[in-house]
Structure formats: C-alpha cells, structure tokens
Amino acid sequence: MIESHKLNLDTLAELSIEQNLPCNVRLATTDDIDKLIPVINTAYMFENKGPRAFKKPDSLRVNEATLREAMNEGFLIVVSKLDEGEEHFLGCVHYKEIPPSEGSGTEQDTNAYFGMLAVDVNTQRQGLGTHLVCMAEAIAAFRGCERIEIQVVDKSTHLLDWYGRLGYQEFGRRDWNSPVLSEPRQLVLMEKIISASR
C-alpha cells in the first residue's frame, strides 16, 4: 500500500493545474464506491458487447471489492463537476507502484503503473482520458519513478493505438486465462519513460 499522505489534496491540486484538468480532482474514498461503479462499468462495456468484446456478457469490470482493493493498493484519482450542488463523477484512474515487469528497461526497484482508466460515456472524446493519463504520469514523476507501465488486452487494438500515440511502447506480452473471458487472451505490456520532476 502506498502512503497516501505523500499525495495530499494540495499536491493533487497543483498537479491538476499543471495538467490543465478542466474539472475538480481528488482522491476517491470508500464513500464514492457506489457512484463510481456504474461510471466505470459503463465505460468498459465494450469488453462485453460488440466487435471488441472479449469477456462474458455478465462479467463486470469492477465491483465493491475490486474498488476497495484498488484503494488499498494505491490511489484512485477521480475527476468530477458540481451540478446544482451535487458532485458528478466524470472519470477516474488508478495509480500504484509495482515491481518492474519482465522486459521493462528500468533500473529502479519499482515502476509506476496505472489502470482502470475510465471516462463517463457522455464525456468521452473530449480529451479527458488524455488528461487523466497525464495526471498519472505527473504523479509518477512527483514520486520519483522513471517509467510507468500499463497492460492492455490484445484485442483492444483501439487502445493499443491510442496509448502508442501517447508515447507508450510494447515491451512484452503475458497470457491471460480467466473465468471472465470468452476465450484466452494476451495482455500487452507497455511502458513509457518519464522524468522524475521533484
């Protein structure tokens, strides 16, 4: 578990200003779980339905247990806006630090890692996803990491292309067999070199 006091609200606010995030940003708490679950699961519906599907139709991306686990392992950063005094979540990204995956070029003991990148379906294609990726990279640099890793399912070629345009490069693949899958897949391991800034 990452010590959360090393990423406080002031730091998040400063990083969000640097990244030009057009909305409020904060760390999620367990009180947010019920509102976050539908935002994330709807954003990942392509995994269950349509030509890009690779999971069984009834397999959801997250539930209460997986979100609690994510918060325990690292930071779940949420972006939101206020509408008539009520907070509405627009997206989120999960950040944690892991031992470098085999094939990573790092010489550090840990790499930064992000996942669970989700943008509300009504807010997609407006640049918020890119802002969230930049936020994860800024946090990694703030914490002194030189590289940041992601994992993308091989069938999600649209995401592989998108992350490639953001500077991520494949460095390995890992077989993925899970009861949630409609057929065995591979996880594409990608990384990007970042500069520790603080």
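Residues numbered from 1 in each chain as written. Predicted model: local features only at pLDDT ≥ 70, side-chain atom pairs only at ≥ 80, totals over all residues. Heavy atoms only, no water.

Caption draft 1: Fine view of the confidence of the model for the protein. Averaged over every residue, the pLDDT of the protein is 87; residues scoring 70 or more account for 87%. Here helix α1 (residues 9-18) stands out as the element of the protein with the lowest mean pLDDT, 61, in contrast to helix α5 (residues 157-165), whose mean of 97 is the highest. Across residues 1-5, where pLDDT falls below 50, the model places twelve contacts with residues more than four positions away in sequence or in other chains. (pLDDT = per-residue confidence, 0-100. Helix = DSSP H or I, 4+ residues; strand = E, 2+ residues; numbered from the N terminus. Contact = heavy atoms within 4.5 Å.)

Caption draft 2: Here's a closer look at the pattern of salt bridges. Under the criterion given, the structure shown has twelve salt bridges. A salt bridge links Glu97 to Arg143; the shortest N-O distance between them is 2.5 Å. In this pair, Glu97 sits in strand β3 (residues 86-98) while Arg143 sits in the loop between α4 (128-142) and β5 (147-153), placing the two residues 46 residues apart along the sequence. Relative accessible area serves as the criterion here: at 24%, Glu97 is assigned to the partly exposed category. When its relative accessible area of 23% is taken as the criterion, Arg143 is described as partly exposed. Across the pair Glu137 and Lys192 runs a salt bridge, and its minimum N-O distance is 3.2 Å. Of this pair, Glu137 sits in helix α4 while Lys192 sits in strand β7 (residues 185-193); the two residues are 55 residues apart in sequence, bridging distant segments of the chain. For Glu137, a relative accessible area of 11% puts it in the buried group. Because the salt bridges share partners, they merge into one network encompassing Arg26, Asp32 and Glu87. (Salt bridge = Lys/Arg side-chain N within 4 Å of Asp/Glu carboxyl O. Buried < 20%, exposed > 50% of the residue type's maximum accessible area, 1.4 Å probe, protein only.)

Caption draft 3: The arrangement of the environment of Arg147 in detail. Of note, Arg147 is situated in strand β5. Classification of Arg147 by relative accessible area gives buried; the value is 16%. Along the sequence, Arg147 and Glu191 sit 44 residues apart, while their C-alpha atoms lie 6.6 Å from each other. Ignoring anything within four residues of it in the chain, the contact list for Arg147 reads Ser104, Gly105, Thr106, Asn111, Ala112, Glu191, Lys192, Ile193 and Ile194.

Caption draft 4: The pairing of β7, seen in detail. Buried residues dominate β7, accounting for seven of its nine residues. Here β5 runs beside β7; their pairing, made up of seven bridges, is antiparallel. Across the sheet, residue Arg147 finds its bridge partner in β7, namely Ile193. As judged from the seven bridges shared by strand β6 (residues 169-176) and β7, these two strands associate in the antiparallel manner. Residue pairing in the sheet places Asp175 in a bridge with Gln186 of β7. (Pairing = 2+ DSSP bridges.)

Caption draft 5: Representation of the sheet that holds strand β1 (residues 24-27). Across the sheet, seven strands lie side by side as β1-β2-β3-β4-β5-β7-β6; this open sheet has mixed pairing. Both outer strands of the open sheet, β1 and β6, are each paired with one neighbouring strand and no more. Recorded for the sheet is a direction-independent mean angle of 30° between the axes of neighbouring strands. The pairing of strand β2 (residues 75-83) with β3 spans nine bridges and is antiparallel. (Axes fitted to C-alpha atoms, helices over the stretch in contact; angles between N-to-C directions.)

Caption draft 6: How the structure looks around helix α3 (residues 64-73). Among all positions in α3, only Leu67, Ala70 and Met71 are buried. Within α3, the buried residues cover an arc of 95° as seen down the axis, which keeps them to one side. Along its buried surface, α3 packs onto α2 (33-43), β2, β3 and β4 (111-119). (Arc of directions from axis to C-beta.)

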